[in-house]
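A look at the structure
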Amino acid sequence: MITLTDIAYVRSGVEDLQGAVRFASEIVGLEVVDSDEPGVAHLRADARGHCLTFVQGRSGVISSGFTVAGPEALAEAETELEKQGLLVERGDRAGARSRGVSEYIAFDDPFGNRVELAAAQFRSADPVRLTRGAGITEFGHLCLDAPDVHEAYRFWSTTFNARVSDWVGDGACLMRIDPVHHKLAVFRGEEAALCHINFQVDSLDDLMRNWHFLVDQGVEIVMGPGRHPTSGSVFLYFRGPENLTYEYAVGGRLIEDDSAWTPRVFDLEQPSSIDMWRGPVAPTTRQRQLPQTVPAATS
Ligand SMILES: CC(C)c1ccc(C(=O)O)c(O)c1O
Ligand SMILES: [Fe+2]
């Protein structure tokens, strides 16, 4: 079994590189990291050198990266995945540099999601310079699409150390690889894709301030603010350019004692299984109604 130690990054193709970077930095609040690769931009949220990379080209996710414990663990993972009949590719030096990792391998999960494993992800000792006061504390989780979440769980829990924390019926499987309720989720979708990328924020105040900011900026709010009954976090989903969905969340349970936790199954048919507050889903962009200045009285 391969032990994933953490999530590392998402790489996504974008037709409009400048537009994607502008949104991720000026709207989401991520720091743009210097890049000497033409057509490639890196963004940073936390101590990771970067966790989101945009590559000029066809729109859509390229790969999702995880770390393992080191070079030996990576070599063992390579052997194990090949034993399972998966086609595993060794990343080259330039690829590793672009990913901010020491070395990596790549393969497709059974649904076609491109997954990469790295021996180590480089950290940056420089303080993160978020572009606005979004309150982002870390890259929290990534969520992939797959047509069968139970089949996906079979793969992630037998090949890897992922354990289910909770199910939302046949619609979503929330998995942990450490005490955090989930760092990897699979959402039922027609085909392999990135469902969303999550950034944790520091406080409820940050989340609500971000909500008002996004609405003011005309950003499409997909759902929220609401509260997931599963992790217990307060969330806000919103859509960036080229259909990349972002999630801000605050809070979220830790599962410290595996033996004391029984995964729960929430009924997918009940809206409260996703949002206990039963807020609206996918409203179109809301224009905030600013209070009108009261005209001075004339006599
Ligand atoms: C609907 C998606 C897959 C989902 C469900 C629950 C949580 C949570 O408990 O925090 C998420 O973060 C989700 O993205
Ligand atoms: Fe999420």
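Note that this is a predicted model, so its numbers are computed, not measured.

About the criteria used
Here the residue numbering is sequential within each chain, running from 1 through the sequence in written order. A letter from A marks each chain and a number from 1 marks each ligand, given out in the order of writing. This being a predicted model, a pLDDT of at least 70 is required before a residue's local features are given, and a value of 80 or more before pairs of side-chain atoms are given or counted; all residues contribute to the totals for chains, interfaces and linings. Segments assigned H or I by DSSP are reported as helices when at least four residues long, segments assigned E as strands when at least two residues long, and all are numbered from the N terminus. To sort residues by exposure, count the other C-beta atoms lying within 10 Å of each residue's C-beta; 20 or more gives buried, 12 or fewer gives exposed, and values between give partly exposed, all with C-beta atoms placed from the backbone. The contact criterion used here is simple: two residues whose C-beta atoms, placed from the backbone, lie within 7 Å are in contact. Nearness rests on one distance test: the residue's C-beta atom, set from the backbone, must lie within 6 Å of the molecule or strand. UniProt positions are given in the numbering used here, feature names are shortened, and annotations may be inferred rather than shown by experiment. An expected span of 1.5 Å times one less than the residue number is assigned to each helix.

1. Section: the overall build of the protein chain
When helices and strands are counted, the protein chain shows five helices and 17 strands. Across its three principal axes, the protein chain shows a C-alpha extent of roughly 85 × 45 × 35 Å. Burial statistics for the protein chain: of 299 residues in total, 41% are counted as buried. Pairs at least 24 apart in sequence give 64% of the contacts found in the protein chain among residues at least 6 apart.

2. So, the site of ligand 1
What surrounds ligand 1 is the set Cys143, Val168, Ala172, Leu174, Ala185, Phe187, His228, Thr230, Ser231, Ser233, Glu247 and Ile274. Of all the secondary-structure elements, those providing two or more residues to the shell around ligand 1 are strand E11 (172-176) and strand E12 (184-188).

3. Overview of the UniProt feature "domain: VOC" (unreviewed entry) in the protein chain
Within the UniProt annotation, "domain: VOC" (unreviewed entry) is assigned to residues 6-120 and 138-251. Helix makes up 28% of residues 6-120 and strand makes up 37%, while its end C-alpha atoms are separated by 10 Å. With 20% helix and 47% strand, the stretch residues 138-251 has end C-alpha atoms that lie 12 Å from each other.

4. Some points on helix H1 (residues 17-28)
Taking 1.5 Å of rise per residue, 12 residues should cover 16 Å, and H1 covers 15 Å from first to last C-alpha, within 8% of that figure. All of the buried residues in H1 are Ala20, Val21, Phe23, Ala24, Ile27 and Val28. Looking at the buried residues of H1, the elements they touch are strand E1 (6-14), strand E2 (31-33), strand E3 (40-44), strand E4 (52-56), helix H5 (204-216) and strand E16 (245-250). At the C-terminal side of H1, Gly29 shows a positive phi close to 110°.

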